[in-house]
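Residue strings, one per chain:
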Amino acid sequence: MTMSTKRAAFTFQSLMVSKRSVSGSFLHLRQNHSVVHNRERRFLSSISKKATGSSSSEGSSSKGNRLFEEEINIIYDSKCNVCKMEIDFLRKRDEKLAEEKQIHRKLKFTDLEGETGEYDPLAMVNGGITYKKGMASMHAVTADGTVMTGVPVFRAAYEQVGLGWLFWVTKLPLVKQLADICYNFFAKYRTIVTRGKSLESLVQIYNEKKELDQRKLEQLCEDGTCSIEEKR
């Protein structure tokens with residue numbers, strides 16, 4: 001074999017070794033890139049799952065913190081004809097919108113005089129509003145527990161049934177002040193005008209009725225005829 005042939009053979013072998021080395025390095029790089037890519041993908045996937053889980057958890061928690069499904073619980077006096085007329089209008093409007101849009105009703109109604117069940121001022125849905133407070137002024141409780149009284153109750157209620165524009169003007173400072181004065185004046189004499197009795201006399205009648213009901217219940221329990229629920 002001539003010297004030139006040997007040199008050519010040596011050069012060819014060197015090139016083959018270099019090619020295998022480069023190929024090996026390239027393959028190694030591809031494998032490392034694939035490993036890193038898979039790790040990144042798993043990492044991002046885990047973050048996404050945690051974020052989704054956190055979001056779902058917060059949503060469930062938020063929903064679980066609501067006092068009731070509706071947006072506002074309006075506490076009213078069913079024996080006041082003026083109040084009843086207003087409540088009936090809002091109820092019908094709310095039911096109509098809920099049926100048309102296939103959504104849950106926005107307004108909840110609780111009667112101080114028991115038309116919707118015995119009134120319980122200690123229930124969270126009633127915001128701690130006593131019979132006397134409820135009779136002295138219109139009150140409402142939002143789903144998150146916020147208590148409103150007076151004109152803001154009507155404004156919030158009408159907004160929920162798509163008629164907020166009727167009370168929009170009462171947000172203006174001067175108009176708001178005038179509206180509050182007028183409502184407070186009406187509320188002060190409402191029971192006399194609409195029910196023929198003062199607030200104090202109605203509260204006294206209410207308390208006497210509660211005491212009488214309690215004595216009857218105690219008598220039943222002494223006779224052994226009351227249920228566990230009644231004892232509570």
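Remember, it's a predicted structure, so these values are computed and weren't measured experimentally. (Residues numbered from 1 in each chain as written. Predicted model: local features only at pLDDT ≥ 70, side-chain atom pairs only at ≥ 80, totals over all residues. Heavy atoms only, no water.)

### Considerations on the overall build of the protein chain
- Per the secondary structure count, the protein chain includes seven helices and four strands.
- For the protein chain, the sequential pattern of α-helices and β-strands runs α-β-α-β-α-β-β-α-α-α-α.
- For the protein chain, the residues scored as buried account for 26% of the 232 residues in total.
- Across the protein chain, contacts joining residues at least 24 apart in sequence account for 59% of those joining residues at least 6 apart.
- When the accessible surface of the protein chain is summed, it comes to about 16400 Å², and 58% of that surface belongs to carbon and sulfur atoms. (Helix = DSSP H or I, 4+ residues; strand = E, 2+ residues; numbered from the N terminus. Buried < 20%, exposed > 50% of the residue type's maximum accessible area, 1.4 Å probe, protein only. Contact = heavy atoms within 4.5 Å. Areas by Shrake-Rupley, 256 points an atom, 1.4 Å probe, with all protein chains shown as cover.)

### Remarks on the pairing of strand β2 (residues 107-111)
- The element β2 is largely enclosed, with a buried count of four among its five residues.
- Pairing analysis gives five bridges linking strand β1 (residues 72-76) to β2, with the strands arranged parallel. When the sheet's bridge partners are listed, Ile74 is paired in β2 with Phe109.
- Between the parallel pair β1 and β2, the chain is carried across by helix α2 (residues 81-101), and the sense of this crossover is right-handed. (Pairing = 2+ DSSP bridges. Right-handed = clockwise from strand over helix to strand, strands pointing away.)

### Comments concerning the sheet that holds β2
- On the basis of which strands lie adjacent, the open sheet formed by four strands has the order β2-β1-β3-β4 and mixed pairing. Edge positions in the sheet fall to β2 and β4 (147-149), since each has one partner strand and no second. Here the strands of the sheet are splayed against their neighbours by 25 degrees on average, with no regard to which way each runs.
- Strand direction decides the pairing type here: strand β3 (residues 139-142) and β4, joined by three bridges, are antiparallel. Directly across from Val141, in β4, lies its bridge partner Val147. (Axes fitted to C-alpha atoms, helices over the stretch in contact; angles between N-to-C directions.)

### Some details on the packing of aromatic side chains
- Considering all chains together, one arrives at seven aromatic pairs under this definition.
- Seen in terms of ring centroids, Tyr131 and Tyr206 are 3.8 Å apart; in terms of plane orientation they differ by 0 degrees. Their pairing is stacked. Pair noted here: Tyr131 is in helix α3 (residues 131-136) and Tyr206 is in helix α6 (residues 199-222), with a separation of 75 residues, a long-range link. This pair shows no difference in class: Tyr131 is buried, exactly as Tyr206 is.
- One aromatic cluster in this structure is built from Phe89, Phe154, Tyr158, Phe167, Tyr183 and Phe186. (Phe/Tyr/Trp six-rings, centres within 6.5 Å; stacked < 30°, edge-to-face > 60°.)

### Regarding the pattern of salt bridges
- Across all of its chains, the model carries eleven salt bridges by this definition.
- Across the salt bridge formed by Arg105 and Glu95, the nearest N and O atoms sit 3.5 Å from each other. In this pair, Arg105 sits in the loop between α2 and β2 while Glu95 sits in helix α2, placing the two residues ten residues apart along the sequence.
- Residue Glu113 is joined to Arg195 by a salt bridge in which the shortest nitrogen-to-oxygen separation is 2.8 Å. One end of the pair, Glu113, is in the loop between β2 and α3; the other, Arg195, is in helix α5 (residues 173-195), and 82 residues separate them in sequence.
- In this structure Glu113 comes out as partly exposed when scored by relative accessible area, which is 23%. (Salt bridge = Lys/Arg side-chain N within 4 Å of Asp/Glu carboxyl O.)

### Remarks on the nonpolar core
- Within the largest apolar cluster, 23 residues are counted, with the highest numbers of intra-cluster contacts made by Ile72, Ile74, Leu90, Leu107, Phe109 and Met138.
- Listed by contribution, the elements that provide at least two residues to this core are β1, α2, β2, α4 (151-160) and α5.
- Per element, the largest residue contribution to this core is six residues, and it comes from α4.
- Residues contacting Leu107, with those up to four places away along its chain left out, are Glu70, Ile72, Ile74, Leu90, Asp94, Ala157, Gln160 and Val161.
- Counting eleven residues, the second-largest nonpolar core is a separate cluster that includes Tyr119, Tyr131, Met135 and Tyr206. (Core = buried A, V, L, I, M, F, W, Y, C linked by side-chain atoms within 4.5 Å.)

### Topic: α4
- Across the ten residues that make up α4, a large majority, seven, are buried.
- When we look at burial in α4, the residues that qualify are Val151, Val153, Phe154, Arg155, Ala156, Ala157 and Tyr158.
- Structurally, α4 contributes buried residues whose contacts are with β1, α2, β2, β3, β4 and α5.
- Gly162 lies just past α4 and shows a positive phi near 80 degrees.

### What to know about α2
- For α2, spanning 21 residues, the distance from its first C-alpha to its last is 30 Å, which sits close to the expected 30 Å at 1.5 Å a residue.
- Listing the buried residues of α2 in full gives Cys83, Ile87, Leu90, Asp94, Leu97 and Ala98. Buried residues of α2 fall within an arc of 100 degrees about the axis and therefore sit on the same side. Opposite the packed face of α2, turned more than 90 degrees from it, sit the exposed residues Asn81, Met85, Lys92, Glu99 and Glu100.
- As for α2, its buried residues are in contact with β1, β2, α4 and α5.
- Gln102 sits one or two residues past α2 and shows a positive phi near 55 degrees. (Expected span 1.5 Å × (residues − 1). Arc of directions from axis to C-beta.)

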